[in-house]
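The residues making up each chain are set out below.
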Amino acid sequence: MSGASILTEDELKRFGRQIKLFGVDGQRRIKCSSVLVVGVGGLGCSALMYLASAGFGRVVFIDNDVVELSNLNRQVLHWEEDVGRVKVESAIWKLKKLNSNVQFEGLNAEFNEERGNYLVRDVDVVLDCLDNFRTRFVLNRLCVKYRKPFIHGAVYGLEGRLLTVIPGKGPCLQCVIPLQPTEASGFPILGSTPAVIASLQVTEAIKIVTGIGRPSVGRLIVYDGELMSFFEISVKRRNDCPICGSVSY
């Protein structure tokens, strides 16, 4: 066993409550795992905080925006003093204070296919915390290409959606959404909505890494905050899917 996988006394104490769920070996698995978070907005901020709190050993994130005042109702890693600051710089400063044992790597750049190739293939799990389907489709394609678990999250108003893609075990995002939807800029959003979905995304990441539970593969989870309800839609892999339909596993 490598030194990096050995839990210190402080870590055993810090993560004691979750070790009761999946044991010391599960926590070691989290510590030895790496996660890519694409987007440091409403979803990304909450996801990054919970990934750091859970003790993932390496957390990589990418975004090319700066903090705006209108972000502050939902992007909880960014504060009033951060307005005008690069988002990844704003985020990494707080994350290091939350858990100094995590290796954080923030990239101030646009996520595209070229960068995505080396980012996706170098991690264990990928979280989609984006706000547009054009980039989501690129990310989905790369995760299928490199056989990486891909946890999709999306929000609008009081509604959120979650889908876990494990290549070879269920449908990819483009099986479920074949065509790129029309994008809406400046759409309405309640600040707590991305927090709900991001926490579910991190829960899925922990389940995948530790092997506990059943991830939402083949099940699109829909959260309705207005009615305070959750329901799921069964989805299947399509043989004619341009991303995963012709891929053999």
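See the structure shown above.
Residues numbered from 1 in each chain as written. Predicted model: local features only at pLDDT ≥ 70, side-chain atom pairs only at ≥ 80, totals over all residues. Heavy atoms only, no water.

1. Quick word on the packing of aromatic side chains
Here the distance between the centres and the angle between the planes together describe a pair of aromatic rings. Heads up, the rule is: Centres within 6.5 Å are what make two rings of Phe, Tyr or Trp a pair, Trp counting through its six-membered ring; a difference in plane orientation under 30 degrees is then read as stacked, over 60 as edge-to-face, and the rest as tilted. Secondary structure elements follow DSSP: runs of H or I of four or more residues count as helices, runs of E of two or more count as strands, with numbering from the N terminus. Think of it in three bands: residues with accessible area under 20% of the maximum for their type are buried, residues over 50% are exposed, and the middle band is partly exposed, with areas taken using a 1.4 Å probe on protein chains only. Placement of a charge over a ring requires the Lys NZ or Arg CZ to be within 6 Å of the ring centre, with the centre-to-atom vector within 35 degrees of the ring normal.
Inspection of every chain in the model, using the stated rule, returns four aromatic pairs. Where W79 meets W93, the ring centres are 6.4 Å apart and the plane angle is 85°; that geometry is what we call edge-to-face. Of the two residues, W79 is situated in the loop between β2 (58-63) and α4 (87-98) and W93 in helix α4; the sequence distance between them amounts to 14 residues. Take W79: its relative accessible area is 38%, and that puts it in the partly exposed class. In this structure, K94 is placed above the aromatic ring of W79, and the distance from its NZ or CZ to the ring centre is 4.6 Å. Looking at R136, its charged tip hangs above the ring of F133, at a distance of 4.7 Å from the centre.

2. Looking at a negative patch on the surface
Put simply, the rule is: Like charges within 9 Å and nonpolar side chains (Val, Leu, Ile, Met, Phe, Trp, Tyr) within 5 Å are joined into patches, using only residues over 30% in relative accessible area that form no salt bridge. Shrake-Rupley sampling with a 1.4 Å probe provides the accessible areas, and residues are treated as covered by the protein chains on show and by no other component. Salt bridge, as used here: a side-chain nitrogen of Lys or Arg that lies within 4 Å of a carboxyl oxygen of Asp or Glu. Positive charge is attributed to Lys and Arg, negative charge to Asp and Glu, and no charge count is given to His or to the chain ends. To locate a charge, take NZ of a lysine, CZ of an arginine, CG of an aspartate or CD of a glutamate.
Among the surface-exposed residues, D65, E68, D131 and E183 lie close enough to one another that they form a single negatively charged patch. Note on placement: D65 falls in the loop between β2 and α4. According to the relative accessible area criterion, D65 is partly exposed, its value standing at 38%.

3. Brief notes about the packing of helix α3 (residues 42-54) against helix α8 (residues 192-210)
As a reminder, the rule being used: Between N-to-C directions, angles span 0 to 180 degrees; the directions come from axes that are lines fitted to C-alpha atoms, helices contributing only their stretch in contact. Working rule for angles: under 35 degrees goes down as roughly parallel, over 145 as roughly antiparallel, 65 to 115 as roughly perpendicular, anything else as oblique. In this scheme the handedness of a crossing depends on how the near helix is turned from the far one: anticlockwise by less than a right angle means left-handed, clockwise means right-handed. The contact criterion used throughout is that any non-hydrogen atoms of two residues lie within 4.5 Å. Throughout, the ten residues Ala, Val, Leu, Ile, Met, Phe, Trp, Tyr, Cys and Pro are labelled nonpolar, Asp, Glu, Lys and Arg are labelled charged, and all others, Gly among them, are labelled polar.
For the pair α3 and α8, interaxial distance at closest approach is 8 Å and the crossing angle is 40°. In this view, α3 runs oblique relative to α8, as classed from their interaxial angle. Helix-helix and strand crossings are classified by hand; for α3 and α8 the assignment is right-handed. For the pair α3 and α8, the contacting residues are G42, L43, S46, A47, Y50, L51 and A54 in the first and P194, A195, I197, A198, S199, Q201, V202 and I206 in the second. Its residues assigned to classes, the contact of α3 with α8 shows eleven nonpolar, four polar and no charged.

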